[in-house]
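What follows is each chain in one-letter form.
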Amino acid sequence: MSMPTQGSGLDSDHHPTAGAPHTAAEVKGSSIGALMGQVTSDLSTLMRQEVELAKAEIRQEGKKAGKAAGLFGGAGFGGYMVALFVSIAVWQFLDNVMDSGLAALIVAVIWAVVAEVLYSMAKKNAQHVRGLRQTNESVQRIPDALKPHPEGVTR
């Protein structure tokens with residue numbers, strides 16, 4: 001997957017190294033309007049790149065999660081069928097030595113304990129889901145000067 005590239009310099013139409021760092025002489029020879037235009041353009045490019053990175057990361061993680069969910073779904077259905085028939089067999093076995101209603105209740109209690117254990121395990125695993133790590137790290141590198149500081153703003 002290709003990432004967008006930074007494409008504009010101070011005077012990107014005429015400068016052979018558009019997007020590259022500029023020398024002090026180039027900056028001194030530019031007007032405030034041109035410099036502000038360049039800063040705005042660079043910030044816009046940076047934000048577009050961050051959004052594209054986040055989209056790519058979400059797509060990549062989504063594909064992995066979708067495949068895993070499908071496989072878990074198939075395994076879950078197979079496990080359900082095994083659990084159903086083992087439960088019926090245990091119920092029938094217990095029915096030979098006790099009342100049928102009590103045998104069914106014992107099997108139900110066993111399944112309640114299994115469900116609680118699986119719920120606890122799922123809750124622990126859900127806490128380990130990672131977010132958009134690369135995007136978060138990249139955004140953290142944006143200089144503090146570009147981040148808003150409302151507590152320091154005076155009117």
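None of the values given here were measured: they were computed from a predicted structure.

Rules used throughout
- Positions within a chain are numbered from 1, following the residues in the order the chain's sequence is written.
- The predicted origin of the model limits local features to residues at a pLDDT of at least 70 and limits the giving and counting of side-chain atom pairs to 80 or more, whereas totals for whole chains, interfaces and linings rest on all residues.
- In computing side-chain values, all of the structure's heavy atoms are included and hydrogens and water are not.
- Runs of E in the DSSP output that reach at least two residues are strands. Runs of H or I that reach at least four are helices, and both are numbered from the N terminus.
- Residue exposure (1.4 Å probe, protein chains only): buried if accessible area is under 20% of the type maximum, exposed if over 50%, otherwise partly exposed.
- Residues are treated as being in contact if the distance between any of their heavy atoms lies within 4.5 Å.
- Using a 1.4 Å probe, the Shrake-Rupley method yields the accessible areas, and only the shown protein chains count as cover for residues.
- Patch members must show over 30% relative accessible area and no salt bridge, and they are joined within 9 Å when carrying like charges or within 5 Å when they are nonpolar side chains of Val, Leu, Ile, Met, Phe, Trp or Tyr.
- Only one rule defines a salt bridge in this text: a Lys or Arg side-chain nitrogen within 4 Å of an Asp or Glu carboxyl oxygen.
- Scored from 0 to 100, pLDDT records how confident the predictor is in each individual residue.
- Helix axes are fitted only over the stretch in contact, all axes being lines through C-alpha atoms; the angle between N-to-C directions runs from 0 to 180 degrees.
- Crossing handedness follows the turn of the near helix against the far one: under a right angle anticlockwise gives a left-handed crossing, and clockwise gives a right-handed one.
- Note on residue classes: Ala, Val, Leu, Ile, Met, Phe, Trp, Tyr, Cys and Pro are nonpolar, Asp, Glu, Lys and Arg are charged, and everything else, Gly too, is polar.
- Note on angle classes: values under 35 degrees are labelled roughly parallel, values over 145 roughly antiparallel, values of 65 to 115 roughly perpendicular, and the remainder oblique.

### Observations regarding the overall build of the protein chain
Part 1 of the argument: Helices and strands together make up the secondary structure of the protein chain, namely 4 helices and 0 strands.
Part 2 of the argument: When the helices and strands of the protein chain are placed in sequence order, the string is α-α-α-α.
Part 3 of the argument: The buried share of the protein chain, taken over its 155 residues, is 12%.
Part 4 of the argument: For the protein chain, contacts bridging at least 24 residues in sequence account for 58% of all contacts bridging at least 6.
Part 5 of the argument: Accessible surface computed for the protein chain: about 12,100 Å², of which carbon and sulfur atoms make up 66%.

### Examining a nonpolar patch on the surface
Part 1 of the argument: A cluster of nonpolar side chains, contributed by Leu 102, Leu 105, Ile 106, Val 109, Ile 110, Trp 111, Val 113, Val 114, Val 117, Leu 118 and Met 121, occupies part of the molecular surface with about 960 Å² of accessible area.
Part 2 of the argument: Structurally, Leu 102 is set in helix H3 (residues 100-126).

### Concerning the confidence of the model for the protein chain
In low-pLDDT segments, the atomic positions of the prediction should not be examined closely.
Part 1 of the argument: Counting all residues, the mean pLDDT for the protein chain is 79, and 78% of those residues have values of 70 or more.
Part 2 of the argument: Under a pLDDT of 50 for its full length, residues 1-18 has, in the predicted model, 32 contacts with residues more than four places off or in other chains.

### Things to note about the pattern of salt bridges
Part 1 of the argument: Tallied over the entire structure, the rule returns 2 salt bridges.
Part 2 of the argument: The residue Glu 52 makes a salt bridge to Lys 55 at a minimum N-O spacing of 3.7 Å. In this pair, Glu 52 and Lys 55 are both assigned in helix H2 (residues 32-95), 3 residues apart and thus about one turn of the helix distant.
Part 3 of the argument: A salt bridge links Glu 61 to Lys 64; the nearest nitrogen and oxygen atoms lie 3.4 Å apart. Remark: Lys 64 and Glu 61 occur in helix H2; sequence separation between them is 3 residues, near one turn of the helix.

### Quick word on the packing of H2 against H3
Part 1 of the argument: Two elements in contact, H2 and H3, have axes whose closest approach is 8 Å; the angle formed by their N-to-C orientations is 140 degrees. Here the hand of the crossing between H2 and H3 comes out right-handed. Contact residues: Ala 83, Ser 87, Val 90, Trp 91, Leu 94 and Asp 95 in H2; Ser 100, Ala 103, Ala 104, Ile 106, Val 107 and Trp 111 in H3.
Part 2 of the argument: Across the contact of H2 with H3, the residue classes break down as 9 nonpolar, 2 polar and 1 charged.

### Some details on the packing of H2 against helix H4 (residues 133-140)
Part 1 of the argument: Packing of H2 against H4 brings their axes to within 8 Å, and their N-to-C directions diverge by 160 degrees. Overall, the two elements H2 and H4 adopt an arrangement that is roughly antiparallel. H2 and H4 meet at a crossing whose hand is left-handed. Residues Glu 50, Leu 53, Ala 54 and Glu 57 of H2 touch H4, and the partners they reach there are Arg 133, Gln 134, Thr 135, Ser 138 and Val 139.
Part 2 of the argument: Residue composition of the contact of H2 with H4, grouped by class: 3 nonpolar, 3 polar and 3 charged.

### A look at the side chain of Ser 87
Part 1 of the argument: Tracing the chain through its elements places Ser 87 in helix H2.
Part 2 of the argument: Excluding residues that lie within four positions of it along the chain, Ser 87 makes contacts with Val 107 and Trp 111.

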